[in-house]
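# Structure assessment
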Amino acid sequence: MTDNAFELIDKALRSGGPDAGFDFLAQKVRGEKNYPLLFEVRLLKKRHELGLPLVQVDDSAPMPPETRRNYDKAFMDAAREVGGLFLADGNIQRAWPYFRAIGETAPVAAAIDKVESQEAMEPIIEIAFMERVSPYKGFQLILSSYGICRAITSFGQFPCREGREESLRLLVRTLHSELADSLKRVIDKQEGQSPETQCVSELMAGREWLFEGNSYYVDTSHLSSVIRFSLDLNDSETLQLARELAEYGTHLGEMFQERSDPPFENFYLDHGVYLRALSGENADGAVAHFRKKVEAYDPAETGSAPAQILVGLLARLEKYNQAIDISLRYLSDTNPSELACPSIVQLCFLAGDYDRLKTLARERGDLLNYLAANARDVE
């Protein structure tokens, strides 16, 4: 701020009073792109209009309700203006604190959605992904900027439900494409021609030589992580890709056959059974497969996770009555807040079995769900 600027402020004040001074300084700092100072000028002008002290000594000093409403509106307008100016300059990182302060994420999300991967993406990813402004776009930027290893780690810490399904589909598609392309390169080198298909099952068919010498074509830790996440998939197209990933895993050499916790001891085979059931293939066989496992376990050793997985599968298959029976048999002593599957109360609602819910509620002294089960009968 030059001496001449002070003189110009004096001139504006003399010619037009305080409003002219505020407007002059606002115009000056806006032209200089000093947007934080513009924010302060806007608030200073509003304080003058409302008869408030122009120099704040006590931020907690009470205001009359109407004055507070007017000042808060001015605050929001100024934050929106300054945040918008930063966005217009392409500075999402500087814009975000102003929009965050007024609880408006849409303008920042719209700006982030237009961003292409480039250097120094971490601040944008932090806003988009960790602060949940645009989680799916944030995940895309993680994948494109840092690769699938970082993306898998980030997916395991996904901050909310919004965007998670889309991100999971992207993760599965990316790994499947990487695997198919890797297989095709090896086949081209061996056979002199690259198959046109991207179907992993078709690429492996009749080519057991692909797995000789413990050969593998994608990082096996990436493979197991993505397959594990895939149990949450809903759309049939991506489920098919996940099934192919699991099938590929069954062909890997013994040293890559991951052993996992029950009921997925035979990791790739068991996950393949589960994924095929979600796709509508041999669902009854999958239920029998996992039920047999659950019945053979000692819960004192395995805990309740195997039964929860079976209940979750039955719920996904809309076999609610079977899910209720398993839940009552194996999960009665498990705290509902610790379940990774629908609770017995939720299952009764899903099944429409309100009589059973009433009985259970009475037995457990559960007044709230007893009321919920009865209320619909008197609507």
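These lines cover the structure that appears in this document, whether it is placed above or below. (Residues numbered from 1 in each chain as written. Predicted model: local features only at pLDDT ≥ 70, side-chain atom pairs only at ≥ 80, totals over all residues. Heavy atoms only, no water.)

## What to know about the overall build of the protein chain
Along its length, the protein chain carries 20 helices and zero strands. Projected onto the principal axes, the alpha-carbon positions of the protein chain cover approximately 90 × 70 × 35 Å. Out of the 379 residues in the protein chain, the part that is buried amounts to 41%. A separation of at least 24 residues holds for 54% of the contacts in the protein chain among residues at least 6 apart in sequence. Total accessible area on the protein chain stands at roughly 20500 Å², and carbon and sulfur atoms take up 49% of it. Averaging the positions of the 42 positive and the 59 negative side-chain charges in the protein chain gives two centres separated by 4 Å. (Helix = DSSP H or I, 4+ residues; strand = E, 2+ residues; numbered from the N terminus. Buried < 20%, exposed > 50% of the residue type's maximum accessible area, 1.4 Å probe, protein only. Contact = heavy atoms within 4.5 Å. Areas by Shrake-Rupley, 256 points an atom, 1.4 Å probe, with all protein chains shown as cover. Lys, Arg positive; Asp, Glu negative; His and termini not counted. Charge placed at Lys NZ, Arg CZ, Asp CG, Glu CD.)

## Notes on the packing of helix α14 (residues 283-296) against helix α17 (residues 320-330)
Relative to each other, α14 and α17 sit at 10°, their axes nearing to 13 Å. Here α14 lies roughly parallel to α17, going by the angle between them. Contacts between α14 and α17 involve V287, R291, V294 and E295 from the first element and Q322, I326, R329 and Y330 from the second. When its residues are assigned to classes, the contact of α14 with α17 shows four nonpolar, one polar and three charged. (Axes fitted to C-alpha atoms, helices over the stretch in contact; angles between N-to-C directions. Parallel < 35°, antiparallel > 145°, perpendicular 65-115°, else oblique. Nonpolar A, V, L, I, M, F, W, Y, C, P; charged D, E, K, R; others polar.)

## Quick notes on the packing of aromatic side chains
Each aromatic ring pair is specified by the distance between its two centres and by the angle formed by the two planes. A complete count under the given rule lists 18 aromatic pairs for this structure. For the pair F349 and Y354, a centre-to-centre distance of 5.4 Å together with 80° between the ring planes defines the contact as edge-to-face. F349 sits in the partly exposed class, given a relative accessible area of 31%. Each residue in the set Y35, F39, F75, F86 and Y98 is aromatic and connected to the rest through ring pairs, giving one cluster. One residue, R150, lies across the ring of Y146, its end atom 4.4 Å from the ring centre. (Phe/Tyr/Trp six-rings, centres within 6.5 Å; stacked < 30°, edge-to-face > 60°. Lys NZ or Arg CZ within 6 Å of the ring centre and 35° of its normal.)

## Observations concerning the packing of helix α9 (residues 164-191) against helix α11 (residues 220-229)
In the contact formed by α9 and α11, the axes pass within 10 Å of each other and the chain directions differ by 145°. The hand of the α9/α11 crossing is left-handed. Contacts from L168, L171, V172 and L175 of α9 reach α11 at H222, L223, V226 and F229. Taken together, the residues that form the contact of α9 with α11 break down as seven nonpolar, one polar and no charged. (Left-handed = near helix turned anticlockwise from the far one by under 90°.)

## Focus on helix α2 (residues 35-49)
Between its terminal C-alpha atoms α2 stretches 21 Å, which fits the 21 Å expected from 15 residues at 1.5 Å a residue. Within α2 the residues assigned to the buried category are Y35, L38, F39, V41, L43 and R47. Backbone geometry just after α2 places G51 at a positive phi near 75°. (Expected span 1.5 Å × (residues − 1).)

## Some points on unusual backbone geometry
Here the residue pair P262 and P263 is connected by a cis peptide bond, since its omega of 5° sits within 30 degrees of zero. The phi angle at K33 is positive, at roughly 60°, despite the residue not being glycine. Secondary-structure assignment places K33 in the loop between α1 (3-31) and α2.

## Topic: the nonpolar core
If you look at the biggest cluster of nonpolar residues, it comprises 108 residues, and the most contacted ones within it are L171, L223 and Y248. Residue contributions to this core peak at nine residues, all from α9. In this structure, Y248 is in contact with L179, V200, M204, F211, Y216, Y217, V218 and L223, ignoring residues within four places of it in sequence. (Core = buried A, V, L, I, M, F, W, Y, C linked by side-chain atoms within 4.5 Å.)

## Points about the layout of surface pockets
To find leftover empty space, one rolls a probe the size of a water molecule over the atoms. Estimates place the volume of the largest pocket at around 890 Å³. The wall of the largest pocket is formed by 23 residues, among which L231, D232, Y274, R316 and A340 lie closest to the centre. The set of elements that each furnish at least two residues to the lining of the largest pocket consists of α9, α11, α13 (267-278) and α16 (305-316). Looking at the lining of the largest pocket, the element that brings in the most residues is α16, giving five residues. (1 Å grid on protein atoms, 1.4 Å probe; cavity = no way out; pocket = protein on both sides within 12 Å on 5 of 7 lines; lining within 4 Å. Points joined across faces, edges and corners; volume = space filled by probe spheres on them.)

## What to know about the environment of Q198
Inspection of the secondary structure puts Q198 in the loop between α9 and α10 (200-204). Each C-alpha atom, one on Q198 and one on D23, is 63 Å from the other, the two residues being 175 residues apart in sequence. With residues up to four places along the chain from it excluded, the contact list for Q198 reads H176, S177, A180, D181, K184 and E244. A distance of 2.9 Å separates the side chain of Q198 from the side chain of K184, its partner in a polar contact. (Polar contact = N/O pair within 3.5 Å; in protein donor to acceptor, adjacent residues only side chain to side chain.)

## As for the state of the cysteines
Applying the stated rule across the entire model yields zero disulfides. Free cysteine: C348, not disulfide-bonded; nearest cysteine sulfur from C341 at 13 Å. Overall, the relative accessible area of 0% leaves C348 in the buried class. (Disulfide = S-S within 2.5 Å.)

## Focus on the pattern of salt bridges
In a structure, side chains of opposite charge can pair up when their charged atoms sit close to one another. Under the definition given, this model contains 26 salt bridges. Among the salt bridges present, the one from K46 reaches E49, with a minimum N-O distance of 2.9 Å. One end of the pair is K46 and the other is E49, both in helix α2 and three residues apart, which spans about a single turn. For E49, a relative accessible area of 44% gives the class partly exposed. Two residues, D77 and K73, come together in a salt bridge whose shortest N-O distance is 2.9 Å. (Salt bridge = Lys/Arg side-chain N within 4 Å of Asp/Glu carboxyl O.)

## Details of a nonpolar patch on the surface
On the surface, a cluster of nonpolar side chains totalling about 330 Å² of accessible area is made up of L54, V55 and V57. Following the sequence through the fold, V55 ends up in the loop between α2 and α3 (65-88). (Patch = residues over 30% accessible without salt bridge, like charges linked within 9 Å, V, L, I, M, F, W, Y side chains within 5 Å.)

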